[in-house]
Structure formats: C-alpha cells, structure tokens
Amino acid sequence: EEYRLVPVEEVEHFDDDEKVIDFVALAGDLWDHRRFLGAIFALFLAIGAIYYLFAERTWYSEIALMPETRSSSGMERILQQYQGLLGVQLPGSNEGEALSVNLYPTIVESYPFQIELIQREIYFGDLDRTMTLFEYLTEVREQTLLQKAGQALWSVTLGLPQTVAGLFRSSEPGSMPAAIDFSQYSDLESPWLLTPAVRQAVNELANWITVRIEPQSEFIIIGASFPDARASAELVHVVKELLTRYVTEYRIIKATQDMEFIEEQYEQARARFEQVQDSLATFHDRNVMLSSARSLVGQQRLQSQYDLSLDVYTSLATRLEGAK
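Residues numbered from 1 in each chain as written. Predicted model: local features only at pLDDT ≥ 70, side-chain atom pairs only at ≥ 80, totals over all residues. Heavy atoms only, no water.

Brief notes about the overall build of the protein
Looking only at helices and strands, the protein has 12 helices and 5 strands in total. Across the 324 residues of the protein, 22% fall into the buried class. For the protein, contacts bridging at least 24 residues in sequence account for 67% of all contacts bridging at least 6. Accessible surface, the protein: about 24100 Å² in total, of which carbon and sulfur atoms supply 57%. (Helix = DSSP H or I, 4+ residues; strand = E, 2+ residues; numbered from the N terminus. Buried < 20%, exposed > 50% of the residue type's maximum accessible area, 1.4 Å probe, protein only. Contact = heavy atoms within 4.5 Å. Areas by Shrake-Rupley, 256 points an atom, 1.4 Å probe, with all protein chains shown as cover.)

Thoughts on the packing of aromatic side chains
The full count for this structure, using the stated rule, is 8 aromatic pairs. Ring geometry for Tyr266 and Tyr313: centres 5.4 Å apart, planes at 20°, overall stacked. Taken together, the residues Tyr266 in helix H11 (residues 229-286) and Tyr313 in helix H12 (residues 293-323) connect sequence positions 47 residues apart. Each member of the pair, Tyr266 as well as Tyr313, is classed as buried. Judged by centre distance (5.3 Å) and plane angle (0°), the ring pair of Phe273 and Tyr313 falls under stacked. Pair noted here: Phe273 is in helix H11 and Tyr313 is in helix H12, with a separation of 40 residues, a long-range link. Here the two residues Phe273 and Tyr313 agree in accessibility, since each one is buried. Among the aromatic residues, ring-to-ring pairing joins Phe124, Tyr136, Trp208 and Phe226 into one connected group. The lysine or arginine in question, Arg34, covers the ring of Trp31, its NZ or CZ lying 4.2 Å from the ring centre. (Phe/Tyr/Trp six-rings, centres within 6.5 Å; stacked < 30°, edge-to-face > 60°. Lys NZ or Arg CZ within 6 Å of the ring centre and 35° of its normal.)

Section: the pairing of strand E4 (residues 209-213)
A regular strand carries its side chains on alternate faces of the sheet. Relative to strand E5 (residues 220-226), E4 is paired through 5 bridges, and the arrangement is antiparallel. Counterpart to Ile213 in the pairing with E5 is Ile220. (Pairing = 2+ DSSP bridges.)

Notes on the environment of Leu235
Looking at where Leu235 falls in the secondary structure, it is placed in helix H11. The spacing of Leu235 and Trp208 is 27 residues in sequence and 9.9 Å in space, taken between C-alpha atoms. Those residues in contact with Leu235, other than ones at most four positions away along the chain, are Leu117, Ile122, Leu133, Leu205, Ile209, Ala224 and Phe226.

Side note on the pattern of salt bridges
Counting across every chain of the model gives 8 salt bridges. Between Arg212 and Glu62 there is a salt bridge whose closest N-O contact spans 3.9 Å. One end of the pair, Arg212, is in strand E4; the other, Glu62, is in strand E1 (residues 59-65), with 150 residues separating them in the sequence. Overall, Arg212 belongs to the partly exposed group, its relative accessible area being 39%. The partner of Glu116 in a salt bridge is Arg245, and the shortest N-O contact between them spans 2.1 Å. Residue Glu116 is found in helix H6 (residues 111-117), and its partner Arg245 is found in helix H11; the two are separated by 129 residues along the sequence. Classification of Glu116 as partly exposed rests on a relative accessible area of 24%. Judged by relative accessible area, Arg245 falls into the partly exposed class, the value being 32%. One salt-bridge network, in which partners are shared between bridges, spans Glu62, Arg212 and Glu214. (Salt bridge = Lys/Arg side-chain N within 4 Å of Asp/Glu carboxyl O.)

Some details on the nonpolar core
In terms of nonpolar packing, the biggest core is built from 39 residues, with Leu117, Leu133, Val198, Leu205, Phe226 and Leu235 touching the most fellow members. Secondary structure elements with two or more residues in this core: helix H5 (104-109), H6, strand E2 (121-124), helix H7 (133-140), helix H10 (196-206), E4, E5 and H11. No other element matches the 8 residues that H11 contributes to this core. Setting aside chain neighbours within four positions, we find Leu133 in contact with Leu117, Ile118, Arg120, Ile122, Phe124, Leu205, Phe226 and Leu235. Grouped together as the second largest cluster of nonpolar side chains are 12 residues, Ile262, Tyr266, Phe273 and Tyr313 included. (Core = buried A, V, L, I, M, F, W, Y, C linked by side-chain atoms within 4.5 Å.)

Remarks on the packing of H7 against H10
Contact pair H7 / H10: the axes reach a minimum separation of 10 Å and the direction vectors enclose 105°. Looking at the two axes, H7 sits roughly perpendicular to H10. Between H7 and H10, the residues in contact are Leu133, Phe134, Leu137 and Thr138 and Ala197, Val198, Ala201, Glu204 and Leu205, respectively. Split into classes, the residues belonging to the contact of H7 with H10 amount to 7 nonpolar, 1 polar and 1 charged. (Axes fitted to C-alpha atoms, helices over the stretch in contact; angles between N-to-C directions. Parallel < 35°, antiparallel > 145°, perpendicular 65-115°, else oblique. Nonpolar A, V, L, I, M, F, W, Y, C, P; charged D, E, K, R; others polar.)

Have a look at this one:
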C-alpha cells in the first residue's frame, strides 16, 4: 500500500462518513451577517413582547381522578379455578371494563359533550354573575387586541370572500339571530345542523379544556384554562361531573343489556331443563323395572340430557344473579 501526505488546501472532497466543521469560517459568516441576524432577533423579541403585553390572561385549574381498575389477586385466581365446585360465578378480568379509560379524552372532545357543556351555568367572579358558557362566549366575552388584529388581517386577506358574503347577508331584512333550540342536539340518532354560533362556541371551549392520561399511574387529569379564575375552577368540576355521568350511564346501559341477554338465555335454559325433567320423570313412570338394555340406554341418554341442562340452567341462574 502507498500512503501520501496531501495538504488540506488541495483536498477537494471528503468521504461521506466524515463530517468536518470549520468553526472559524462559521464564526466569520455569522459576523459578516451580524446586522441581518440582529434585525431578526429584534423582530422576534418585539413580537414576543407585544404578545406578552396584549395577550389574554388565563388561569389554569386541574383535577385528578383515579380510575377504578380490576386486578385479580391470588385468592381470586384460586376461586376462579374452583368456582364450579363451590357453586359461585366470578366475573372475568375483562368484565366491568365496558369503557376504556383511553377513550375519556375522546368523549370530552366530542360534540355532544361540548354542546351539553356550553349549556351549563357557571359563576364568573370578575363579572359577579352566573350565566351559561354559551352566553359568555357569544355575548359577554370581548376579544383582545391581538384577536381583533388577527381577525381584521384575516378578513382582508384569505377571508375576504367570506367577508364580502357576510356584508350581503347582513343587508337582508330580518337579520336578527333566532333563538337556538338546544333540545335538537339531544337526539343522537338523527343528523345535526350546527349553527355558526354553536360551532364557534364549541370549538373555542374545546381549546380551553384538556384531558390526559398519566402513563404510569393512569390517573385522569382534567385541566381548564379560562380568563376568569373562579370560572376556571368551576369549569373543571363541571367537566368532571359530566364525564362521570357519561361513563356511569354508559356502564349502566351496558350492564343492563348484558343482564337482559343473560335473562333471555336463562328463560330458554329453564324451559329446556323443565322439558328434559318431565321427559325423565315420564320415562321412570313407564319403566319401573328396567330389564332390557334398550331401556337402560334410554335412561342414560335422558339422564345425560338432564345433567347437561341442569348445569347450563344453574350456571345461567348464577350469572343472572351476578348481573342483577
């Protein structure tokens, strides 16, 4: 092999695996463009100062909920092995978990939940009055200077067609907004037509509420940011109350459906058991003295059907009592 010493100035390229940084040249480039970099820094500093001075002040409140989870202990596993002999029926590990905790944030972000939330009344300490969230968002709350400036900039740029269309709509007679009937949003089986005011209030309120699940402890953290301190604290409790009611109602409906299904199967099993029981009794009455092999086979067949139907009937009866 031949090795040669080549000056650095004559090297035109490097291997792909080698990364060479010339800090002296980089510092020189930064110094040459110091005025441009200084202007960019001053611009962002001014934007940050304006946002800090004129942005809306909010208060954050949060509450932590501990979900109810099932964990099978050693004694419970032993009882599950011998539940047939003991005459008990223990719920499985997946029973009772009709709704996953990971779905709680999705429930809070859904339109039915948000529409019901904006109808709740909350006390606002700064205003010293109680009103619904929809009234506050649509009638009382004033936009900040930054929000007004952003809306004005949007209306003359990308939102110009919508602004022009709004001018023609506002010139029409009878432009008074009609009262919103929130009862139409209670039917989940039919499609909804959200009014702009409701949609805007729901989208704005959804940005103020956060629901997250702690990965280690699986605690449910509900947080709310609001311009009013008292309203922020009450909003957290209202979200917790609605979420708890949603989950409870869903589990009750799910448990009721399961109980109705088990009860239907129980009635069918009882009818089959009584039919086999009558058939076995009739056979014994007709064959007092069993002498032929055919009679013995018939008795064994009926006895097997009786034992099987009795086991199914007893198991469903136990599960029905547990479901109740």
